[in-house]
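# Observations on chain architecture
Each chain is listed here by its residues.
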Amino acid sequence: MTITLALSKGRIFEETLPLLKAAGITVLEDPETSRKLILSTNNPEVRVVLVRASDVPTYVQYGGADLGVVGRDVLIEHGVNGMYQPLDLNIARCRMSVAVRDDFDYAGAVKQGSRLRVATKYTEIARQHFSDKGVHVDLIKLYGSMELAPLTGLADAIVDLVSTGNTLKANHLVEVEKIMDISSRLVVNQAALKLKREPLRRMIEAFASAVQP
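Overview of the structure. (Residues numbered from 1 in each chain as written. Predicted model: local features only at pLDDT ≥ 70, side-chain atom pairs only at ≥ 80, totals over all residues. Heavy atoms only, no water.)

With that out of the way, let us pick up the overall build of the chain. When helices and strands are tallied, the chain shows nine helices and nine strands. Each principal axis of the C-alpha distribution contributes one length, and for the chain these read about 60 × 35 × 30 Å. Classification of the 213 residues of the chain by burial places 44% in the buried group. Of all intrachain contacts in the chain linking residues separated by at least 6 positions in sequence, the fraction that spans at least 24 positions is 67%. Seen as two clouds, the 26 positive and the 25 negative side-chain charges of the chain have centres 3 Å apart. (Helix = DSSP H or I, 4+ residues; strand = E, 2+ residues; numbered from the N terminus. Buried < 20%, exposed > 50% of the residue type's maximum accessible area, 1.4 Å probe, protein only. Contact = heavy atoms within 4.5 Å. Lys, Arg positive; Asp, Glu negative; His and termini not counted. Charge placed at Lys NZ, Arg CZ, Asp CG, Glu CD.)

And the structure:
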């Protein structure tokens, strides 16, 4: 009975490795050097599939993977139907924030009730945030290089992930509002949890014991 774990390359992959180790699992290939998208482990019954971060919930929801590791931001945008979320793994931590050009008076614009143009990849999170604040916005969906939007006049503000804030600073942008803290969660396919109950339960428990506060 094979267990398939969906991971995205980069920070989430790297920070999941110690959790896998706690479950006695070692990935046998390096995704940065291997061209394979399915990686074997030292356990013949566990394999890792490499997918885009935004596709992890889709693989888990529809059974392409039994479980996956995904950021809270992606989960909110995707929705959580058909998935069980047993653990906040406390990895790949950052925050979702509003940022503007350093010469833009965000507080003044909000106070005046101005309609703001906001560029973001995270339209659900942005829509909910500004709706809760009672701020009228036009959302512009972008898929990358958010920092360009205020610099080119495309938008007044952006909603994006921030870890150190260095990229914002380098582009003369300032963080004006934190929307939420983000970390990565373990998600499990609900049908798999019934069909593969024991091996999945053991894995979840091992992950839980290794999570850093």
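With five of six residues buried, strand β8 (residues 157-162) is to be regarded as a mostly interior element. Across six bridges, the pairing between strand β5 (residues 83-101) and β8 is antiparallel. Across the sheet, Val100 pairs through a bridge with Ala157, a residue of β8. For strand β6 (residues 116-120) and β8, the ladder comprises three bridges, and the chain directions are parallel. By the bridge assignment for β8, Val118 is matched with Ala157. (Pairing = 2+ DSSP bridges.)

Moving on: the layout of surface pockets. Its volume calculated, the largest pocket comes out at about 860 Å³. Taken together, 34 residues make up the lining of the largest pocket; nearest its centre are Asp73, Lys121, Tyr122, Asp160 and Leu161. Going through the elements one at a time, α1 (11-22), α3 (72-78), β5, β8, α7 (166-170) and β9 (173-189) are the ones with two or more residues in the lining of the largest pocket. Classifying every residue of the lining of the largest pocket gives 13 nonpolar, 12 polar and nine charged. Lining the second largest pocket we find Met1, Ile3, Ala23, Ile25, Asn43, Glu45, Val46, Pro199, Arg202, Met203 and Ala206. Here the element with the most residues in the lining of the second largest pocket is helix α9 (residues 197-210); it accounts for four residues. Of the residues contributing to the lining of the second largest pocket, the split by class is eight nonpolar, one polar and two charged. (1 Å grid on protein atoms, 1.4 Å probe; cavity = no way out; pocket = protein on both sides within 12 Å on 5 of 7 lines; lining within 4 Å. Points joined across faces, edges and corners; volume = space filled by probe spheres on them. Nonpolar A, V, L, I, M, F, W, Y, C, P; charged D, E, K, R; others polar.)

What follows deals with the packing of α1 against α9. Between two packed helices, both the angle of their axes relative to each other and the distance between the axes serve to describe the pair. Where α1 contacts α9, the two axes come as close as 8 Å, and the packing angle between them is 120°. Our pair here, α1 against α9, has a crossing hand that is right-handed. For the pair α1 and α9, contact is made by Thr16, Leu19, Leu20 and Ala22 and by Met203, Ala206, Phe207 and Ala210, respectively. Counted by class, the contact of α1 with α9 contains seven nonpolar, one polar and no charged residues. (Axes fitted to C-alpha atoms, helices over the stretch in contact; angles between N-to-C directions. Left-handed = near helix turned anticlockwise from the far one by under 90°.)

Reading across the sheet, the nine strands line up as β2-β3-β1-β4-β9-β5-β8-β6-β7 and stay open at both edges, with mixed pairing between neighbours. If you trace the sheet from one side to the other, it starts and ends with β2 (38-40) and β7 (137-141), each paired once. Ignoring which end each strand starts from, the neighbouring axes of this sheet average 25° apart. Here β5 runs beside β9; their pairing, made up of 13 bridges, is antiparallel. Its bridge partner being in β9, Tyr84 is matched across the sheet by Val188. Set on the sheet, α1 makes contact with β1 (3-7), β2, β3 (46-50), β4 (67-71), β5 and β9; between it and β5 the angle comes to about 150°.

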